[in-house]
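Observations on the three-dimensional arrangement
What follows is each chain in one-letter form.
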Amino acid sequence: MHIASDYVKPGDIVIDATCGNGHDTLRLAEMRPGHLYAFDLQPDAVRKTRELLEREGFGEELAPGGSITITCLGHEHMTEFFREQGPCGNTGPEDRSAGPAAPGFASVILFNLGYLPGGDKQLTTRAETTLEAAKAGQLLLKKDGLLCITMYSGHPEGAEEKRALLAFAEGLDSKCWHVGYIRMLNQKNDPPEILLISRKR
Ligand SMILES: C[S@@+](CC[C@H](N)C(=O)[O-])C[C@H]1O[C@@H](n2cnc3c(N)ncnc32)[C@H](O)[C@@H]1O
């Protein structure tokens, strides 16, 4: 999250692709972006995130003219969501339809994978949809924007997700993408690992 804060300037558009209990969404809101979008598959997660943000003094608005939109939707559908709704800010939907080479509008897109802490472990993120969403995230990212994916490989679906994401990230064209990978080398029991993908152009 500290890493993400370096990428957010006032007025920017940021996305939390797995809002869960809302802690990451709150951290993003505290960075004072212009527009904040958050997604989760579970209505309960959306409700908890809304409640947390309201409790912490973030209603629908971040700043004058800014907004917070929390939506119950699988992140693999983000592209359609923004195509229909259009992002707030100065980049129109036409910029995204030009394909992967066209820069998008988001400064930061966060994924914190796995299941809702304290919730149903069956409702976890899954390799296939996560990969689809990461690819959608690439299109939504603006130049110098950051895709930050926290992976948990200590459960079977998480291990599969990690394998799929690392294979995908290793294959990205180095002319267009910086790719970084953070691992805790001295911790036991499959600590979280972080994949960072930044758009160069
Ligand atoms: C580890 S939790 C996220 C924690 C959260 N960022 C927080 O700060 O509390 C992972 C979340 O991903 C959600 N999720 C699972 N599949 C999803 C999907 N396809 N699209 C969006 N969210 C999904 C789960 O419902 C769960 O809330």
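Topic: the nonpolar core
Ile15, Phe82, Phe111 and Ile149 are the most contacted members of the largest nonpolar core, which has 29 residues in total. Within the residue set of this core, elements represented by two or more residues are strand 1 (13–16), strand 2 (35–40), helix 4 (78–85), strand 4 (106–112), helix 5 (127–140), strand 5 (141–151), helix 6 (156–170) and strand 7 (193–199). Ala29, Met31, Ala38 and Cys148 belong to the second largest nonpolar core, which has 23 residues in total.

Looking at the sheet that holds strand 6 (residues 177–182)
Spatially, 3-2-1-4-5-7-6 is the arrangement adopted by the seven strands of the open sheet, whose pairing is mixed. The sheet is open, and its two borders are formed by strand 3 (67–72) and strand 6, each paired with just one other strand. Adjacent strand axes in the sheet meet at a mean angle of 10° when their direction is disregarded. Of the strand pairs in this sheet, strand 6 and strand 7 are connected by six bridges, and their pairing is antiparallel. The residue of strand 7 that forms the bridge with Trp177 is Arg199. Sitting on the sheet, helix 6 is in contact with strand 5, strand 6 and strand 7, with an inclination near 30° to strand 7.

Observations regarding the site of the ligand
For the ligand, the set of nearby residues contains 23 residues, the closest of which are Thr18, Asp24, Asp40, Gln42 and His75. Take Asn21: an N or O atom from its main chain is 2.9 Å from an oxygen atom of the ligand. Gln42 is positioned such that a nitrogen or oxygen atom in its side chain is 2.8 Å from an oxygen atom of the ligand.

Considerations on the pairing of strand 2
Within strand 2, six of the six residues are buried, which leaves it mostly tucked inside the rest of the structure. Burial along strand 2 is two-sided: His35, Tyr37 and Phe39 and Leu36, Ala38 and Asp40, pointing in opposite directions, are all buried. Pairing of strand 1 with strand 2, which is carried by four bridges, proceeds in the parallel orientation. Paired with Ile13 across the strands is His35, a residue of strand 2. For the segment spanning strand 1, helix 2 (residues 23–30) and strand 2, crossover handedness is right-handed. Pairing between strand 2 and strand 3: six bridges, direction parallel.

Thresholds, definitions, all that
Chains are numbered independently. Their residues run from 1 in the order of the written sequence. Confidence filtering applies because this is a predicted model: local features only for residues at pLDDT of at least 70, side-chain atom pairs given and counted only at 80 or more, and all residues used for totals across whole chains, interfaces and linings. Just so you know, side-chain values use all the structure's heavy atoms and leave hydrogens and water out. Nine residue types can take part in a nonpolar core, namely buried Ala, Val, Leu, Ile, Met, Phe, Trp, Tyr and Cys, and a core is a set of them joined through side-chain atoms within 4.5 Å. Each residue is placed in one exposure class: buried if its accessible area under a 1.4 Å probe, protein chains only, is under 20% of its type's maximum, exposed if it is over 50%, and partly exposed if it falls in between. Put simply, DSSP marks the helices as runs of H or I at least four residues long and the strands as runs of E at least two long, and each gets a number from the N terminus on. Strands are labelled as partners when DSSP assigns at least two bridges between them. Fitted lines through C-alpha atoms serve as axes, helices being fitted only where they are in contact, and the angles separating the N-to-C directions of these axes extend from 0 to 180 degrees. The contact criterion used throughout is that any non-hydrogen atoms of two residues lie within 4.5 Å. The cutoff for a nearby residue is simple: one of its non-hydrogen atoms must lie within 4 Å of the molecule or strand. N or O atoms closer than or at 3.5 Å make up a polar contact, with two conditions inside protein: a donor-capable atom paired with an acceptor-capable one, and, for residues adjacent in sequence, both atoms drawn from side chains. Handedness rule for crossovers: strands pointing away from the viewer, path from the first strand over the helix to the second running clockwise, crossover right-handed.

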